[in-house]
Amino acid sequence: MKDKKDLYQNVAVELLTTQSWYMHQLKAILKPYDISPAQYNILRILNGAKNRPVSASYLKEQVIDKGSNITRLIDKMEIKKWVTRCLCETNRRQMDIDITQEGISVLLEATKEINELIKVLYTITEDEAKTVSKILVKIRG
């Protein structure tokens, strides 16, 4: 039984090590753009909304890092002119958040470099990629 326990502990360590390595690479790529991985994630979500403003609660549901302080991130991104905020016309208690042209430009430039990082995954086959993806989804339940 000890061997099985060691195997699963090794999987946990490998997951953490890979996540740490990837985040280090991602931060290095994003640094010249003065954007954090969490801000990049928000820009991707906003851009995917197709010119339809979204609420902060929607962003909180969609972000990868659920511990992110959405309001603080949006404040910083608004200062950089990557997003706009305005009162929602249908719900006066809600703010609508939208990506600006400057935000789209930063997103597109950074994405070009991130796509290069993703190419490290091309060392595995498509079948292996599908298997890894299924396993990671299964682990998260």
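Residues numbered from 1 in each chain as written. Predicted model: local features only at pLDDT ≥ 70, side-chain atom pairs only at ≥ 80, totals over all residues. Heavy atoms only, no water.

> How should the overall build of the protein chain be read in this particular structure?
Looking only at helices and strands, the protein chain features 6 helices and 2 strands. For the protein chain, the succession of helices and strands along the chain, N to C, is α-α-α-α-β-β-α-α. For a compact globule of 141 residues, the expected C-alpha radius of gyration is about 14 Å, and the protein chain comes in at 18 Å, more than 25% above that figure. The principal-axis extent of the C-alpha atoms belonging to the protein chain is close to 60 × 30 × 25 Å. (Helix = DSSP H or I, 4+ residues; strand = E, 2+ residues; numbered from the N terminus. Rg over C-alpha atoms; globule rule 2.2 N^0.38 Å.)

> What exactly am I supposed to notice about helix α4 (residues 70-79) here?
Given 3.6 residues per helical turn, the α-helix brings residues three or four places apart onto the same face. Where α4 is concerned, the buried positions are Ile70, Leu73, Ile74 and Met77. Axial view of α4: buried residues confined to an arc of 95 degrees, hence all on one face. Of the surrounding elements, those touching the buried residues of α4 are α2 (37-48), α3 (56-62), β1 (83-87) and β2 (95-99). (Buried < 20%, exposed > 50% of the residue type's maximum accessible area, 1.4 Å probe, protein only. Arc of directions from axis to C-beta. Contact = heavy atoms within 4.5 Å.)

> I would appreciate a short explanation of the side chain of Ser68 in the present structure.
Within the fold, Ser68 resides in the loop between α3 and α4. Look past the residues within four positions of Ser68 in its chain and what remains in contact with it is Ala38, Lys60 and Leu73.

> Sorry, what's going on with the layout of surface pockets here?
In this structure, the largest pocket spans a volume of roughly 1,500 Å³. Forming the walls of the largest pocket are 33 residues, and the residues nearest its centre are Gln19, Tyr22, Ile64, Leu136 and Arg140. Listed by contribution, the elements that provide at least two residues to the lining of the largest pocket are α1 (2-30), α2, α5 (101-118) and α6 (126-140). Broken down by element, the residue count for the lining of the largest pocket peaks at 10 residues, all from α1. (1 Å grid on protein atoms, 1.4 Å probe; cavity = no way out; pocket = protein on both sides within 12 Å on 5 of 7 lines; lining within 4 Å. Points joined across faces, edges and corners; volume = space filled by probe spheres on them.)

> How should the side chain of Thr111 be read in this particular structure?
Assignment of secondary structure puts Thr111 in helix α5. A polar side-chain atom of Thr111 sits 2.6 Å from a polar atom in the side chain of Tyr40. (Polar contact = N/O pair within 3.5 Å; in protein donor to acceptor, adjacent residues only side chain to side chain.)

> Please explain α2 as it appears in this structure.
In a regular helix each residue adds 1.5 Å, so 12 residues correspond to 16 Å; α2 covers 16 Å between its end C-alpha atoms and thus fits that length. Within α2, 9 of the 12 residues are buried, which leaves the element mostly enclosed by the surrounding structure. Buried within α2 we find Pro37, Ala38, Gln39, Tyr40, Asn41, Ile42, Leu43, Ile45 and Leu46. Lys50 sits one or two positions beyond α2 and adopts a positive phi of about 55 degrees. (Expected span 1.5 Å × (residues − 1).)

> What is the right way to look at the nonpolar core in this model?
For soluble globular proteins, nonpolar side chains are generally found buried alongside one another. With 28 residues, the main nonpolar core has Ile42, Leu43, Leu46, Leu59 and Val83 as its most contacted residues. Those elements giving two or more residues to this core turn out to be α1, α2, α4, β2 and α5. What Leu59 contacts, discounting residues up to four positions off in sequence, is Ile42, Ile45, Leu46, Val54, Ile70, Ile74 and Ile97. (Core = buried A, V, L, I, M, F, W, Y, C linked by side-chain atoms within 4.5 Å.)

All we've got here are geometric facts, nothing functional implied.
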